[in-house]
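Read off the chains here:
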Amino acid sequence: MMERPSRSKLPEDRPRRCTDCLFLLAFLGALGAAGYAAVYASKNGDLARVLYGQDYMADLCGQDNSIEATGLPEFIEPRDDELTLFEKLHPGARISSRPPASRVRRGMRDHTSRSVLYFTLPAGELGGFAPVAVCLDECPGNHPDPDLHAIDRPGTWVCTGKYASGPPPECPDGGGDLPTCVAYRNAYFLRAGAAAAAACADPLQDCDVCFPPYPTTRVLQMCLPQQDATLAAMADVVAAVAVLGATVGTSGNPDYAASAYEGLEGGSGDGSTGLSPQDMDELRRLISSLPHMAVEDLSVAWPVLAGCSAVALLVGFAWLLLIRFLAGLMVWITLFGLAAADGVLCWWLWTRQQAMKADVRYGEEGDFTSQADAAYISFFVFVSLGAIYVLLVLCFRKQIQLAARALAVAALAVGQLPALLILPLASASLAIGALCGGGMLLLLLASCGEIAYGRPGFGSLYLDSRTEYLLLVALFVSIWLVVFVRHTQHAAVGGAVTKWYLHRNTDRSATRCCGGSAVALGLWHALRYHAGSIAAGSLLITTLKLIRIAFFLLKRTFYQRVSRGLDACGCNGSNRLAAMCLCCISCCLKCVEKSLEALSRYAYAQMMRSKRSFCPSAAEAVRLLTTNLAGAASLRFVAAAFLFLGKLLVAAGCAFLGWRILVQAPPYDSALYSPLAPAVCIFFAAFAVALVFFGVYNMAIDTIFLCLCADKERVDAGMPPLGRAHELSSVLGVPIDAPAPQHPRGKGGRRMLETPAERSGSDPSNNPFSRGSGVVDDGGYRI
C-alpha cells in the first residue's frame, strides 16, 4: 500500500527562512549610498544652475547676478581644462557659437523676473551676427500680438545691452524723432554694423543691438522656434536684408545673402515679398531638426499625452476584468481586432496616397512627394504584415486554443484573488515615485557642479570626480529600486497564485486563502523572507540595463565620430562593419536581458513555492522547464504572444485616439509641426501602462505552469499531486496520471519506480511534455 507523504514534508508547510541576506545588505547599502548622495546634493546643489540658462553675458536667467548676490567679480577666468557635463553626455556636441575664452565679463544684471532663455536668431548666422542668448520674461510666441514678427514694429524688438528692458521711455513703441529714439532704431542688427557684431562676439564687451522677434514655444525654461511661423518671420527678415542693403553682403555669409536676394519675388521695401522654394527649403533646414520639432510638439501636446495615458490606465484595468469573465472570447477578439486594425490602416494608407498623388503639389514639393511615396510603400508593407499575421494565426490555431485555456486558468486564479488587480496600481505608483525621486536626485547632483561661464545655453557645468561617482551611484540605485519594485510584484503574484494552486476547492481553507489575505500574505512573505532574493534578481537585471546604457553611449559616440568626417582616410568599409558589429552586440544584449527577465519570473514562482533562495530556485525552474521543454515553449510562446498583442492593441488604440485629437481638435491641429512625435509617445506610454496590468496574468500563467510541472514530476516519482493538479492538468493538456504503487527500495534506500509509460500504458511520444527525470523525495525536490 502506497504511503502518503507527511504534510510536514510538503513544500508549502516547510518553514520559511530569510534568503540571500548578503544581497539584501547590499541593497540596503545602496539605498544608504543614495541617501548620502541626497544629503550631499542638498548641501552643495542649486537647481537654478540646471533649470535656468546662461545668457551671452554669463548671467543666469531667473537669478540676481549682481556682485552682492553671487559674490563673484565682474571679470571671471573660466576653466577650460576639461569637458562639461553636456559635452560628456553628447560627445562632439557644439555647446556655444563663441569659442572658449580665457576671460569673461559678467553682465551682473538682475534677471529675477526673466526666467526663459531665448536666442535672437533661429537660423544660424545672419547679417554678420551669430545667435545671441538673452533672458526674457516671456517667450515671444506667448504674446497676444499676432503680428509679433513684423520688422516694422520696433517696440516688439528683442534687444541686448542698454536696450534689454525695451525701447527708451521717451518712445515706448520705438517711434519718434528724438535722438534717443533714432539711436534705438539704428541699433537694429541690420543697421548696427560690423563693430556691433564684433562686440556681441567679444566675451569682454557688451553690445546694444536689437533683433526682430520670431514666434516661439516655451519648453521648460527655453524658447524654441515654431517652425512654420518662424519661416514666415525670417522671410520678412531676408526681404529686409535685400531692401536695406545691409551688412550681409560684406560680412558673415555673402553667398547665402546673394541667393536670398535673387530669390525675392518682386522685392520691394514694404516687407511683403516672399522667398523662392529653394530659399524656404534652406531656411527650413536651418531651423528644423527632428529632436527640436519633437520636443516642441511634445511641449504643446502634453495634455493629450497625459489624458491618453489615463485612458490607457482605465482600458488596461477594464481589459483585465474582461479577461476575468471572458478569457477565451477575449483571445479571439484580440486576434481579430488586430487584423481589423491592420486592415483599416491599409485602407487609410491607400486612400491617403491616392489623394496626395492627385494633388498638384505632388512632384513639385519635395516633402509632399516624399510623404505620398512613403504612404504608398507603407501600404504594401502593412498588407504583407497582415497576410503573414493571418497565416500565423491559422497555423497556430491549436496552440492558440491552448493559450486561451491557460488564460482561462489564470483568470480563474485572478477571479478568486481579486486583490491581484490592485497590486499593479500600487507597484506602478511606487515605481513612478522611485523614478521621480531618482530624477530629482540626479538633477540635484548635477547642480553641484561649477558653472562654465562664457558658454550660453544649458548644461554647461564642470563636475568633480566625487560628484560624478555619486551621479553613477544615484543612477544605479534608481534603476535598481524601480526593478526591485517590479520584481516584488512578480514574487507577490507568484506567492498568491501558488497558495491558490495548493488549496483545492474542497478544502476548508480555500475560502480563507483565496482572497485579499492570500495576496497580502504573498507580499508579506516576499518582503519578509525573500527580499534578499528579489534584490539579487533585480541586481542582475539592473546590471544588464546599465551595460546596455553604457554600450548605447559608446555606439552613439562612434556614430558621431563617423558623421564628423573622422573616417576620411578611406575606411568606410571598416566603419560599416564596425557599425554592423555594434548593432549585433546591442541586439544580443537585449536578448540576454529579456531572457533573464523571463527566467527571473520563473525563479520567483519557484522561490515562493520551494522557499529557497534565488539561485537554487532559478536552477530548479530551469530544470523543470527543460524537462518539459516542448510544453513550456508552446505555452510560453503563444501565451506571451497573445498578451503582447493585447498590450499592442491597447497602446495602438490610445495612440489612434490621441492622433485623432491632435489633427482635429484646436489648438493642436494648427500648433503642431507634426502629430507623429506625440502619437509615438502616447503609444509607448500606453504600452508601459498595459505592461504593468498584463504582467499579472503573465506571472499567473508562469506560476501555474511551473506548479503543474513540479506535480507531474511528483507523480512520475510515485507521489500524489498537490492541490489543483488534476482539475487544471486536463485544461492545460498536461497529463498527470494517478500515482503508481510504491516499489521496493533498491540500493541506497532509494525507491525503484516504473516509467510513466508503463503506468499509464500510453506512448510517451503522445505526451507534449518530456518524461520527468531523476528521483524525487517527499518534498518534491530532486535528490
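The paragraphs below set out a description of the structure included in this document. Every value quoted in this text rests on a predicted model; they were computed, and no experiment measured them.

## Digging into the overall build of the protein
Reasoning step 1: Counting its regular elements, the protein contains 26 helices and 10 strands.
Reasoning step 2: Out of the 783 residues belonging to the protein, those deemed buried represent 46%.
Reasoning step 3: The contacts of the protein with a sequence gap of at least 6 include a subset with a gap of at least 24, amounting to 75%.

## As for helix H14 (residues 397-416)
Reasoning step 1: In this model, H14 (20 residues) spans 29 Å end to end at C-alpha, consistent with the 28 Å of a helix rising 1.5 Å per residue.
Reasoning step 2: Within H14, burial applies to Ile-400, Leu-402, Ala-403, Ala-404, Ala-406, Leu-407, Val-409, Ala-410, Ala-411, Ala-413 and Val-414.

## Here's the deal with the packing of helix H1 (residues 21-44) against helix H16 (residues 465-502)
Reasoning step 1: Closest axis-to-axis distance for the H1/H16 pair is 9 Å, and the angle between their directions is 130°. Here H1 is positioned oblique relative to H16, judged by the angle of their axes. Handedness of the crossing formed by H1 with H16: left-handed. Residues Ala-26, Phe-27, Ala-30, Leu-31, Ala-33, Ala-34, Tyr-36, Ala-37 and Tyr-40 of H1 touch H16, and the partners they reach there are Arg-466, Thr-467, Leu-470, Val-473, Val-477, Trp-480, Leu-481 and Phe-484.
Reasoning step 2: Taken together, the residues of the contact of H1 with H16 sort by class into 15 nonpolar, 1 polar and 1 charged.

## A short note on the environment of Lys-555
Reasoning step 1: Topologically, Lys-555 is positioned in helix H19 (residues 531-563).
Reasoning step 2: Using a relative accessible area of 16% as the deciding quantity, one classes Lys-555 as buried.
Reasoning step 3: For the pair formed by Lys-555 and Ala-578, sequence separation is 23 residues and the distance between their alpha carbons is 9.8 Å.
Reasoning step 4: Those residues within four positions of Lys-555 in sequence are excluded, and the remaining contacts are Leu-582 and Ser-586.

## Structural notes on the pattern of salt bridges
Reasoning step 1: Here the structure, examined in full by the defined rule, presents 9 salt bridges.
Reasoning step 2: One salt bridge connects Arg-548 with Glu-593, and the closest N-O pair in it is separated by 2.9 Å. A residue pair is termed long-range when its members are at least 10 positions apart, and Arg-548 in helix H19 and Glu-593 in helix H20 (residues 572-610) qualify at 45 residues.
Reasoning step 3: Among the salt bridges present, the one from Arg-623 reaches Glu-620, with a minimum N-O distance of 2.6 Å. Residue Arg-623 and its partner Glu-620 are located together in helix H21 (residues 614-627), separated by 3 residues, close to a single helical turn. Pair check on accessibility: Arg-623 and Glu-620 agree, each one buried.

## Quick notes on the environment of Val-680
Reasoning step 1: With respect to the element layout, Val-680 can be found in helix H24 (residues 676-716).
Reasoning step 2: Residues Val-680 and Phe-656 lie 24 residues apart in sequence; the distance between their C-alpha atoms is 9.8 Å.

## Digging into empty space enclosed by the protein
Reasoning step 1: Tallied over the entire structure, the rule returns 5 cavities of 30 Å³ or more.
Reasoning step 2: If you add up the space inside the second largest cavity, you get close to 60 Å³.
Reasoning step 3: Looking at the second largest cavity, the residues that line it are Arg-49, Tyr-52, Gln-54, Leu-60, Ile-451, Gly-457, Phe-458, Gly-459, Ser-460 and Leu-461.
Reasoning step 4: Here the residues of the lining of the second largest cavity are counted per class, giving 5 nonpolar, 4 polar and 1 charged.

## Quick word on the nonpolar core
Reasoning step 1: Counting residues in each nonpolar core, the largest one holds 91 residues, and the members touching the most others are Ile-323, Leu-407, Leu-417, Leu-420, Val-497, Trp-500 and Tyr-697.
Reasoning step 2: The dominant element in this core, judged by the number of residues it contributes, is H24, at 19 residues.
Reasoning step 3: With 30 residues, the next largest nonpolar core counts Met-57, Tyr-118, Val-158 and Leu-190 among its residues.

## Here's the deal with the pairing of strand S4 (residues 133-136)
Reasoning step 1: Going residue by residue along S4, you find Ala-133 and Cys-135 tucked away on one face and Val-134 and Leu-136 tucked away on the opposite face as well.
Reasoning step 2: Pairing geometry for strand S3 (residues 116-119) and S4, over 4 bridges, is antiparallel. By the bridge assignment, Val-116 is partnered in S4 with Leu-136.

Rules used in this analysis
- Residues numbered from 1 in each chain as written.
- Predicted model: local features only at pLDDT ≥ 70, side-chain atom pairs only at ≥ 80, totals over all residues.
- Heavy atoms only, no water.
- Helix = DSSP H or I, 4+ residues; strand = E, 2+ residues; numbered from the N terminus.
- Buried < 20%, exposed > 50% of the residue type's maximum accessible area, 1.4 Å probe, protein only.
- Contact = heavy atoms within 4.5 Å.
- Expected span 1.5 Å × (residues − 1).
- Axes fitted to C-alpha atoms, helices over the stretch in contact; angles between N-to-C directions.
- Parallel < 35°, antiparallel > 145°, perpendicular 65-115°, else oblique.
- Left-handed = near helix turned anticlockwise from the far one by under 90°.
- Nonpolar A, V, L, I, M, F, W, Y, C, P; charged D, E, K, R; others polar.
- Salt bridge = Lys/Arg side-chain N within 4 Å of Asp/Glu carboxyl O.
- 1 Å grid on protein atoms, 1.4 Å probe; cavity = no way out; pocket = protein on both sides within 12 Å on 5 of 7 lines; lining within 4 Å.
- Points joined across faces, edges and corners; volume = space filled by probe spheres on them.
- Core = buried A, V, L, I, M, F, W, Y, C linked by side-chain atoms within 4.5 Å.
- Pairing = 2+ DSSP bridges.

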